[in-house]
Amino acid sequence: MKNFISLLAALLVSSFSMGTNAQEAKIGRVTISGAYTKATVAGQMAGSGFMKIAVSGVSDQLIGATSPAAGDVQMHSMSMEGNTMKMRQMNSIEIPANSSVELTPGGLHLMLMGLKTPLKAGDSVKIKLKFASSGEVEVSFPVKAMGGESMHEHSMK
Ligand SMILES: [Cu+2]
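Note that the coordinates shown come from a computational prediction; the quantities given were computed from them, not determined experimentally.

Cut-offs and rules
- Residues numbered from 1 in each chain as written.
- Predicted model: local features only at pLDDT ≥ 70, side-chain atom pairs only at ≥ 80, totals over all residues.
- Heavy atoms only, no water.
- Helix = DSSP H or I, 4+ residues; strand = E, 2+ residues; numbered from the N terminus.
- Contact = heavy atoms within 4.5 Å.
- Areas by Shrake-Rupley, 256 points an atom, 1.4 Å probe, with all protein chains shown as cover.
- Donors = N, O, S within 2.8 Å, 3.2 Å for Na, K, Ca; no water.
- Tetrahedral: all angles 85-135°; square planar, octahedral: opposite > 155°, others 65-115°.
- Buried < 20%, exposed > 50% of the residue type's maximum accessible area, 1.4 Å probe, protein only.
- Phe/Tyr/Trp six-rings, centres within 6.5 Å; stacked < 30°, edge-to-face > 60°.
- Lys NZ or Arg CZ within 6 Å of the ring centre and 35° of its normal.
- Salt bridge = Lys/Arg side-chain N within 4 Å of Asp/Glu carboxyl O.
- Core = buried A, V, L, I, M, F, W, Y, C linked by side-chain atoms within 4.5 Å.

Q: What is the right way to look at the overall build of the protein chain in this model?
A: The secondary structure content of the protein chain amounts to one helix and 11 strands. In the protein chain, the order of α-helices and β-strands from amino to carboxyl end is α-β-β-β-β-β-β-β-β-β-β-β. Put simply, 66% of the contacts in the protein chain that link residues at least 6 apart link residues at least 24 apart. Surface summary for the protein chain: the accessible area is close to 9100 Å², and the carbon and sulfur share equals 57%.

Listed below in structure tokens is the structure:
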């Protein structure tokens, strides 16, 4: 009985913390969680978006994104080539069957090009994601204060 109660307490705590922290959205077989973006400084024309995309069942593809906060939202990959970080624009991001893909700083990310106003910590940005088979969903990306890590450069060439 005691074990049962502590298990129940653990479940309550974990579901509570998930409910308060995670930005979650669902469309069809796709679940988006942990979405966020980072604050930008005045004059910075681009911001980036991060999240986890999970799919149940057969694979799906993220094929586009739009936001009222930016002129254009692109999908980028980032990788080290020698000593240089290279970013590439992608036409789609594949989420394999019954699996998930994480967009993280230094890896895949959404790029908000042509920001209309700087992103301020505490605000949130709406981004509409379009999936090949599951359709469109609007996700709210809370803006986090910039951490210690250096901003990555967004020179595409
Ligand atoms: Cu980028």
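Q: It is not clear to me how the coordination of the copper ion should be interpreted in this structure. Could you clarify?
A: Each angle at a metal carrying four tetrahedral donors should ideally be 109.5 degrees, and each at a metal carrying six octahedral donors should ideally be 90 or 180 degrees. All of the protein donors around the copper ion are H76 (ND1), M87 (SD), H109 (NE2) and M111 (SD); their distances to the metal are 2.1 to 2.6 Å. Around the copper ion sit four donor atoms, and with donor-metal-donor angles ranging over 92 to 137° the site reads as irregular. Mapping the donors of the copper ion onto the primary sequence gives the spacing H-x10-M-x21-H-x1-M. Of this pair, H76 sits in strand β5 (residues 70-81) while M87 sits in strand β6 (residues 84-90), and the two are 11 residues apart along the sequence. Like M87, H76 is buried.

Q: Hey, could you run me through the packing of aromatic side chains in this one?
A: Both the distance between ring centres and the angle between the ring planes are used here to describe each pair of aromatic rings. Tallied over the entire structure, the rule returns one aromatic pair. Looking at K144, its charged tip hangs above the ring of Y36, at a distance of 4.1 Å from the centre.

Q: What should I look at first to understand the pattern of salt bridges in this one?
A: Should the charged atoms of two oppositely charged side chains come close, the side chains can pair. Scanning the entire structure with this criterion turns up three salt bridges. E81 is the salt-bridge partner of K86, the closest N and O atoms lying 3.5 Å from each other. Taking the relative accessible area as the measure of exposure, E81 reaches 33% and is therefore partly exposed. Between E81 and R88 there is a salt bridge, with its nearest N and O atoms 3.0 Å apart. Since its relative accessible area comes to 44%, R88 is described here as partly exposed. Connected through shared salt-bridge partners, E81, K86 and R88 make up one network.

Q: Hey, could you run me through the nonpolar core in this one?
A: A general tendency of soluble globular proteins is for nonpolar side chains to be buried together. The biggest cluster of nonpolar side chains holds 29 residues, and the ones touching the most others in it are I32, M51, I53, L62, L110, L129 and F131. If we skip the residues at most four places from it in the chain, M51 touches I32, S33, G34, A35, L62, V101, E102, L103, L110, L129 and F141.

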